[in-house]
Each structure stands twice: as structure tokens, then as C-alpha cells.
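# Observations on chain architecture
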Amino acid sequence: MELIKKINDAIKFTDIYKANSDDIFIREIECVNFQLETILCPIDDNDKIAGRVSHGFAGFSSQYGGLYTYYFNELLFLNALDKSRAELSPETIMQAESIAEFWKLENTAKKVNDAFIAQYGFEPAHSYKAPGLANCDVRIAGTNVDFAKLIRLGLDGLDEEIKRMLGENGKSSFYKALHMWIDTLRSVCERYRKQAEEKNTIHFNRMADVLKNIQHEAPKTFQEGLQLFWIYASCSDMMNYGRLDDVLGELFVCDIDNGIITEEDAVQLVLGLYKHLKTINKMHDCRIIIGGKGRKHTEEADRLAIVFMEASRRFKETVPQLTLRYYKGMSQAVFQKAMEVNGEGCTFPIIYSDETNIAAVEKVYGVPAEEAQQYVPFGCGEYVLVGMSTGTPNNGINLLKALEMTLHNGIDKFHNVFCGLKTGDISSFNTFDILYEAYLKQLKEPVEYAAVHKMLNYSIAGQQAPYLHLSLLMDDCLKRGKPLLSGGVRYLNASSEVFGIISASDSFTAIKKYVYDEKLFSLSKVVEMLDVNFEGYEKERLMFLNAPKYGNDDTEADAMAVRVFNDISDMTIAAGKKAGLNRYAMVSVNNSMSAEWGFYCEASACGRKRGTALSNGNGPSLGADKNGITALLNSMAKFDASKHVGVINNIRLTKRLFTESLAQIKVLLTTFYENNGVQTNICVISKNDLENAMLEPEKYQNLIVRIGGFSARFVTLNPFVQREIIDRTTYDE
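Nothing here was measured: the structure is a model prediction, and the numbers come from that model.

What counts, and at which threshold
Each chain carries its own residue numbering, running from 1 in the direction its sequence is written. In keeping with the model being predicted, local features are shown solely for residues with a pLDDT of at least 70 and side-chain atom pairs are shown and tallied solely at 80 or more, while totals for entire chains, interfaces and linings include all residues. To get the side-chain values, all heavy atoms of the structure are used, and hydrogens and water are removed first. Working definition: helices are DSSP H or I runs of at least four residues, strands are E runs of at least two. Numbering for both runs from the N terminus. Restricting the calculation to C-alpha atoms gives the radius of gyration, and the globule rule supplies 2.2 Å times the number of residues raised to the power 0.38. Each residue is assigned to one of three classes by its accessible area relative to the maximum for its type, calculated with a 1.4 Å probe on protein chains only: buried under 20%, partly exposed between the two thresholds, exposed over 50%. Contacts between residues were defined by any pair of non-hydrogen atoms, one from each residue, lying within 4.5 Å. All tallies of charge rest on Lys and Arg as positive and Asp and Glu as negative; His and the ends of each chain are not included. A single reference atom marks each charge: NZ on Lys, CZ on Arg, CG on Asp, CD on Glu. Classification of ring pairs rests on two measures: the distance between centres of Phe, Tyr or Trp rings, Trp counted by its six-membered ring, which must be within 6.5 Å, and the angle between planes, read as stacked under 30 degrees, edge-to-face over 60 and tilted in between. Two thresholds decide whether a charge sits over a ring: the Lys NZ or Arg CZ must be within 6 Å of the ring centre and within 35 degrees of the ring normal. Here, a strand pair is defined by DSSP locating no fewer than two bridges between the strands. For helices, the axis comes from a line fit to the C-alpha atoms of the stretch in contact; other axes are also lines fit to C-alpha atoms, and the angle between any two N-to-C directions lies between 0 and 180 degrees. The span one expects for a helix is its residue count, reduced by one, times 1.5 Å. Each salt bridge in this description consists of a side-chain nitrogen of Lys or Arg and a carboxyl oxygen of Asp or Glu lying within 4 Å of one another. Any pair of nitrogen or oxygen atoms within 3.5 Å is treated as a polar contact; in protein, a donor-acceptor pairing is required on top of that, and neighbouring residues in sequence qualify only through side-chain atoms on both sides.

### Digging into the overall build of the protein chain
- Counting its secondary structure elements, the protein chain contains 30 helices and 18 strands.
- Compactness check: the protein chain gives a C-alpha radius of gyration of 26 Å against a globular reference of 27 Å for 733 residues, within 12% of the reference.
- Judged by the C-alpha coordinates and their principal axes, the protein chain covers about 80 × 60 × 55 Å.
- Residues counted as buried form 62% of the 733 residues belonging to the protein chain.
- Here the contacts in the protein chain between residues at least 6 apart in sequence split such that 75% fall between residues at least 24 apart.
- Where the 81 positive side-chain charges of the protein chain centre and where its 95 negative ones centre are 2 Å apart.

What follows is the structure, given as C-alpha cells:
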């Protein structure tokens with residue numbers, strides 16, 4: 001019966017879409033209204049706060065499951081139809097088949113694809129399995145809205161602002177639809193209020209009162225604030241939540257100081273939120289930010305930040321991606337709690353340095369300091385400005401594959417397909433600089449078409465939908481009378497994910513040393529070794545493995561890493577300007593693709609063999625950091641932080657070292673954060689535990705590891721990714 005209901009819901013959703021095709025504003029709100037009637041899950045007996053969704057086959061969302069704007073999950077729909085044919089009427093089957101054909105042409109992702117083909121004459125690669133060095137996808141991800149405004153004004157306050165704008169702008173469909181969106185949120189609160197009231201317990205009667213109050217009044221308690229935030233976020237399919245310690249801190253402290261709740265009550269409410277985040281099943285997202293400069297209520301926010309960390313300590317899950325912004329002079333109680341929670345193996349909070357990042361964001365995004373203070377990482381670590389910018393990362397560039405293709409004159413050697421630029425036979429690379437310039441030429445076109453694809457992703461989504469839920473809580477949309485992607489957002493930014501940057505730079509270091517400086521091998525001989533995966537060249541491979549490597553505070557290797565980093569960054573920024581984006585910059589993060597993309601790369605001159613993992617984010621080549629953790633951090637701090645909008649630095653320590661030397665670890669980390677260090681992903685675990693978990697996974701179900709831009713249960717990972725994690729250096733002294 002559930003499948004039949006979802007099939008009928010998809011048919012009805014499509015009918016509503018078609019019936020309102022003349023007005024994108026009304027179409028969106030009518031579609032969302034129906035969608036929320038069908039996908040909202042009822043309150044269960046363990047809920048602390050209300051609000052959970054289970055999506056259908058057709059719908060509207062910025063990024064649910066990687067699906068985009070108006071989407072249709074064709075595979076799931078057709079499978080459900082096949083299973084249910086015997087129970088469906090011929091008329092329903094005909095309608096179902098008809099809408100499947102309709103959405104093949106009408107889904108927003110298809111429109112972006114068609115626009116790209118019209119411009120370039122070929123389809124963008126959507127999979128890292130395809131030949132070539134880049135992929136592109138579609139979504140509107142990571143936009144962090146101004147939840148502080150929602151909590152400050154409440155639904156009635158927002159409605160008054162909309163009505164005022166509507167009065168000044170006549171019969172604007174944009175404002176009319178926003179007004180309807182507020183009514184939708186009130187209806188959701190009322191539906192959940194009735195469900196809570198029916199349960200008739202002290203806990204659920206309190207929840208019912210909360211849901212009644214927030215339909216009109218601005219929140220007056222921590223529970224009301226948390227509930228209103230979550231109703232808005234869950235109904236909007238938002239997966240990144242910004243600076244919640246500042247958003248809710250005043251309400252929390254007021255309740256605590258007046259004896260309305262205890263800290264344990266607050267922890268339980270936050271755990272209720274975390275429970276819902278887990279059901280979203282998006283371990284790459286679900287970021288909550290605590291700490292940092294630029295908060296309006298620092299002391300209150302810090303007290304709540306400790307509650308968020310305590311909840312994460314107890315929850316021990318892959319979400320939320322709790323993220324602490326460090327700054328000089330911050331609360332030592334907050335920093336100490338962060339160390340203690342990380343020390344228990346939680347992998348959270350991730351720590352970012354405001355001492356480095358605020359000035360860098362000010363420069364790379366070209367914004368005033370007070371706006372730069374509102375940077376937040378989302379997803380795997382890309383930056384956006386709360387309430388002011390987009391930042392979607394929908395593409396990946398494989399920097400090591402680009403070198404492989406340069407050494408083979410445009411051929412992807414793994415797939416044995418010509419799919420790049422003919423940059424010249426290797427015999428023409430008489431100097432290192434000629435080789436390096438050929439490498440940059442190999443990258444330029446894919447970097448540029450990824451930027452164009454990103455701009456199409458925004459512009460076509462803007463033609464399709466106003467994204468009312470985002471527009472309402474972005475700073476300039478109401479004032480300008482324009483939706484998010486049609487001139488409403490202050491900064492139309494985006495980001496480009498790069499992978500294998502250190503694998504590429506270490507390869508360049510070795511080639512420069514052995515081919516051009518010491519002339520031990522010709523370049524053609526090096527390529528011959530790589531093409532046979534070093535088979536028969538074991539001694540030579542050892543030389544390449546022992547060449548200078550990033551991660552050891554080695555001047556030569558680190559300078560090469562910085563050179564590659566800067567040149568790719570400058571190329572990406574220029575491509576964004578050419579495509580019409582406000583800012584487009586690279587991020588060196590990881591969503592497991594360093595391992596997965598490595599599978600499709602030939603052997604490389606860093607000594608890496610065919611099919612093995614690439615370097616992870618800004619981390620060293622696997623096992624190459626041999627001079628200790630201080631040397632590793634020194635290498636990581638050498639990059640220009642204004643050249644990117646997000647990097648990740650993985651550090652793994654044993655529990656013994658972290659526990660016995662915590663004071664020294666704190667000094668080491670704070671020194672890093674205050675001297676151009678961007679961030680750290682701290683994982684406290686032993687290599688033996690990881691090895692044992694591969695052998696006896698049933699005994700290690702709760703072992704959580706940091707992949708790069710996200711965490712995961714180790715036993716759930718692909719063995720290829722597991723091995724990459726094991727091969728990273730674990731510091732024990």
C-alpha cells in the first residue's frame with residue numbers, strides 16, 4: 001500500500017506542477033504545500049522535538065539525496081510501478097507511465113544538461129568512473145540562512161515584513177508566495193500540535209504548547225526556539241544549520257538562569273535534534289557551527305556550545321558535523337571541552353581557526369571584515385557567508401589524472417581513451433617549466449567548463465523556482481524583491497572541489513629532482529616505469545618514494561605543493577569570473593573520492609602504485625609524513641589561506657598520546673591555529689583498532705573515523721576506503 005500511495009502522490013504532485021506552470025512562485029508553494037502533506041512523518045513516542053520527512057518519488061528540493069529543484073526519481077518510481085501493476089487500475093498505470101515520460105524532459109537537472117550540451121557540444125561527465133579528469137553534478141547545496149532572524153521575529157514578525165513589502169510592490173507573486181509559505185509553516189506546526197496533544201502525556205502536552213505558541217509568537221524559551229528552527233529546516237530540506245549556539249544561546253541561558261530547564265534537559269532536547277539529523281542519512285552535511293568571532297551573544301553562545309559538545313559526546317554518531325571556530329582569547333572551558341570530546345574518539349568537533357580564516361575570507365570573497373566573520377563551513381568544508389551567499393560545490397577535478405593525461409598527450413591511460421588536450425609528446429618537454437605549463441593547459445578547459453556548468457546550475461534553477469524557503473531568510477532577497485538565484489542573493493559564489501593535489505605536487509617534485517635537476521632518468525623512462533606500474537622497477541620506485549615529500553616541513557616539497565595549489569587556485573578564480581559568478585574558488589576537501597578516484601589513476605611519480613588512493617585533502621601522500629606531527633602542521637600552514645574557500649587537514653593520534661600529552665597537544669594546535677593554520681580534523685584512534693575492525697567488523701560497529709570532509713562508521717566503508725584510512729600516519733609521540 002505504501003508504494004501505491006507514493007505512486008499516486010507523484011501523479012498528484014505532477015498535476016499540481018502542470019496546473020501552475022504560468023507562475024513559478026505560486027507553482028513552487030502549491031507543490032511544496034502538497035509535498036509536505038505527503039512526506040511529513042508523524043511524531044513517534046521517542047521524539048523530543050517534532051519534524052521528520054520521508055521523501056517521495058517526485059518533489060521539490062535544493063539537495064535532497066543529491067536531487068535538485070524539481071526532481072523525479074525515475075528508477076525508484078518505475079521499480080515501484082512494476083511491483084504494483086496488479087493492484088493499480090489501467091487508468092492509474094497510464095497516468096504513471098505518462099508522468100515518467102513527462103519528467104524525463106522536465107526535471108531541472110535535464111535542463112541544465114541540455115544547456116551545457118548546447119554550449120559545448122558534449123555532455124558533462126557526471127561520474128568519477130568516466131574517462132577524463134573532471135565531473136559535474138547539479139544541486140543548490142549549503143546555503144546557510146539567517147536563522148537568527150527567524151528566532152528574533154517569529155513567523156508573525158516575518159509575515160509583517162512580507163506584508164509591508166507586498167504593500168509597497170502591488171501584486172508581486174514573490175511576496176504573495178512567501179506569505180503562503182509562512183501559512184504553510186503554521187499549518188505544519190498545527191498538524192504536529194494535534195498529534196502531540198493526542199498522546200496526552202506531560203512531555204507531549206508541553207510539546208503541543210510549544211507548537212501552538214510558535215505559530216504566531218517569537219520563541220520565548222529554548223525549546224520553542226529549537227522547535228521553530230527545526231520545523232523551518234526540516235520543511236525546507238536544509239542540511240546545514242549555521243551558528244546555532246548564537247541563534248539559540250540567549251533563550252537557553254534565560255531558561256537555565258530562571259530555572260525553567262536544567263542543562264540536562266537542554267542536552268536531551270539537543271539529542272532529540274541529533275536523532276532527526278541521523279534519519280536524514282547525509283553524513284557529508286548536517287553541520288552545526290559553534291564558537292568564533294562575530295557572534296552577538298558570545299557568553300550565552302559559549303554556554304550552549306558546551307551543551308552541543310556534550311550531546312555529541314553521548315551521541316557518538318557521524319552527524320551532526322559539529323564544528324568549533326577557534327580564536328585567540330576564546331573561552332578555555334569551550335576549548336577544553338572540545339579536546340575532551342575529541343579525545344573520546346568522537347571525531348567532533350572539527351576545529352577551524354578564525355585567526356586565519358576571517359582575514360582570508362575577507363580577501364578571497366572580497367567582503368568587509370564584519371561579513372567575513374560570518375563565514376561557516378558546510379558539507380565537506382566549503383565556505384559560505386550566513387544569510388549572504390551561495391557556495392555550491394558540484395564538481396570535482398582530479399589533479400593527478402591531469403598529470404597522467406599530460407604525460408600521455410591527452411590520453412586517459414587507465415581507460416585508454418583520448419579525452420584531453422594534446423599538450424605535446426613528452427620528448428618536447430625539455431625543461432620542467434615546459435612540462436608544468438603543459439599540465440596547466442591540460443587543466444584549463446575542464447576547470448572553465450566546470451565553472452560554466454556551475455553558473456548554469458544556478459541560472460536554470462532560478463528560472464525554475466524562487467527557492468522561497470531560502471529567499472525569505474537571506475539578507476537581500478526581501479529588500480530587492482528578487483528570489484535567491486534571480487538577483488536576490490548578495491554574493492553568487494560557488495566552489496570547485498579538487499582531489500589529489502599533494503599526489504600531483506609530490507610527483508612533480510620527484511620528476512623535477514630526478515629528470516631535470518639530477519638527470520638520473522629521462523622523462524620517457526619515468527613514464528615507462530609508471531605505465532608498467534613499477535613492475536621490474538622496484539629499486540627505482542623506492543627512489544621515488546624517498547624523494548622529498550610534503551608533510552615533513554621540507555622546503556623543496558612544500559614549495560612545489562604551494563606552487564600547484566596557487567596556480568590551480570588562480571585558474572579556478574579566473575574561470576569563475578569568466579563564467580559570471582561573483583566568486584568561484586577551489587576547495588581541497590574529501591568526500592572519499594581521493595580513494596575512489598585513485599582507483600582510476602595509473603601509477604604516479606610520487607611512488608604511488610596504480611589504483612591506490614590519492615592524497616586526502618591537504619594531507620600528505622599516504623605514509624609520507626615521517627618527521628613528526630610538528631613538521632606535518634608546519635607544512636600544512638604554508639598555503640595562502642586566501643587562495644581557497646575550504647581545505648581539510650586530517651590528523652590521527654593514539655588515545656595514549658592524546659590523553660597523556662593533552663597539555664602539549666593543546667599548545668601545538670593553538671600555535672598552528674594562530675600561525676596560518678586553517679583547520680584540523682582530529683581522529684583519536686589506534687591503527688591496530690582499524691586493522692582489527694577489518695578482520696572482525698562485528699566487534700567494531702561503533703568505531704567512527706574521519707574520512708576528510710565527513711565521518712563514517714569504519715565497518716560500513718568500502719574496503720578500498722578502509723585501507724586508505726589505515727595507511728594514514730598515526731602519531732604516537
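### Some remarks on the packing of aromatic side chains
- Throughout the structure, instances matching the rule amount to 50 aromatic pairs.
- An angle of 90 degrees between the planes, with centres 5.3 Å apart, marks the rings of Tyr 514 and Phe 544 as edge-to-face. Taken together, the positions of Tyr 514 in helix α21 (residues 501-517) and Phe 544 in helix α23 (residues 538-545) put the pair 30 residues apart, joining distant regions of the chain.
- Overall, Tyr 514 belongs to the buried group, its relative accessible area being 6%.
- A relative accessible area of 1% places Phe 544 in the buried class.
- Here the aromatic residues Phe 13, Tyr 17, Phe 57, Phe 60, Tyr 70, Phe 72, Phe 77, Phe 102, Trp 103 and Tyr 467 are joined through ring pairs into a cluster of three or more.
- Cation over ring: Lys 18 sits above Phe 102, and NZ or CZ is 4.6 Å from the ring centre.
- The ring of Tyr 436 carries Arg 563 above its face, with NZ or CZ at 4.1 Å from the centroid.

### Some remarks on the environment of Leu 653
- Mapped onto the secondary structure, Leu 653 falls in strand β14 (residues 650-653).
- The exposure class of Leu 653 is buried, given its relative accessible area of 2%.
- Linking Leu 653 and Ser 172, residues 481 residues apart in sequence, is a C-alpha distance of 57 Å.
- Every residue in contact with Leu 653, bar those within four places of it in the chain, is listed here: Ile 629, Phe 658, Ile 665, Ile 682, Cys 683, Val 684, Ile 685, Thr 730 and Tyr 731.

### Points about the sheet that holds strand β12 (residues 493-499)
- Pairing within the open sheet is mixed, and its four strands lie in the order β3-β9-β12-β13. The open sheet has two free edges, formed respectively by β3 (134-136) and β13 (583-587), since each of these has just one partner strand. The mean inter-strand angle of the sheet, taken between neighbouring strand axes irrespective of direction, is 20 degrees.
- Across four bridges, the pairing between strand β9 (residues 393-398) and β12 is parallel. Looking across to β12, one finds that Gly 396 is bridged to Glu 497.
- Across the sheet, helix α24 (residues 555-579) touches β12 and β13, and the angle it forms with β13 is around 150 degrees.

### Overview of the sheet that holds strand β18 (residues 730-731)
- Taken together, six strands build an open sheet; the order of strands is β4-β5-β6-β15-β14-β18 and the sheet is mixed. Of all the strands in the sheet, the pair left with one neighbour each is β4 (287-291) and β18.
- For β4 and strand β5 (residues 321-326), the ladder comprises five bridges, and the chain directions are parallel. Note on β5: the bridge partner recorded for Ile 289 is Thr 323.

### Focus: unusual backbone geometry
- Note the cis peptide between Val 319 and Pro 320, where omega equals -5 degrees.
- Within the secondary structure, Pro 320 sits in the loop between α12 (298-315) and β5.
- Phi is positive for Asn 281, close to 60 degrees, though the residue is something other than glycine.
- Relative to the elements of secondary structure, Asn 281 occurs in the loop between α11 (263-280) and β4.
- The exposure class of Asn 281 is exposed, given its relative accessible area of 65%.
- For Lys 519, which is not glycine, the phi torsion reads 55 degrees and is therefore positive.
- Tracing the backbone through its elements, the reader meets Lys 519 in the loop between α21 and α22 (523-531).

### Topic: helix α1 (residues 2-19)
- Between its first and last C-alpha, α1 extends 26 Å over 18 residues, near the 26 Å set by a 1.5 Å rise per residue.
- Within α1, the full set of buried residues consists of Ile 4, Ile 7, Asp 9, Ala 10, Ile 11, Phe 13, Thr 14, Ile 16 and Tyr 17.
- The secondary structure elements touched by the buried residues of α1 are α2 (24-39), β1 (58-61), β2 (69-72), α3 (74-84), α4 (90-106) and α17 (432-464).

### Quick notes on the pattern of salt bridges
- Scanning all chains against the criterion turns up 55 salt bridges.
- In this structure, Asp 45 and Lys 199 form a salt bridge, with 2.7 Å as the shortest nitrogen-oxygen distance. Of the two residues, Asp 45 is situated in the loop between α2 and β1 and Lys 199 in helix α7 (residues 173-199); the sequence distance between them amounts to 154 residues.
- The exposure class assigned to Asp 45 is exposed, which follows from its relative accessible area of 60%.
- Judged by its relative accessible area of 27%, Lys 199 is partly exposed.
- Two residues, Arg 723 and Asp 727, come together in a salt bridge whose shortest N-O distance is 3.7 Å.
- Of the residues examined, Asp 727 reaches a relative accessible area of 31% and is grouped as partly exposed.
- By sharing partners, the salt bridges in this structure join Glu 264, Glu 310, Arg 313, Arg 314, Lys 316, Lys 337 and Glu 344 into a single network.

### With respect to the side chain of Thr 184
- The residue Thr 184 is located in helix α7 in this model.
- At a separation of 2.2 Å, a polar atom in the side chain of Thr 184 contacts the side chain of Asn 33.
- Residues contacting Thr 184, with those up to four places away along its chain left out, are Ile 29, Asn 33 and Leu 36.

### Some remarks on the side chain of Thr 69
- In this structure, Thr 69 sits in strand β2.
- Polar contacts involving the side chain of Thr 69 include one to the side chain of Tyr 467, which spans 2.4 Å.
- Leave out the neighbours within four places in its chain, and Thr 69 touches Gly 59, Phe 60, Ser 61, Thr 108, Ala 461, Gln 464, Ala 465 and Tyr 467.

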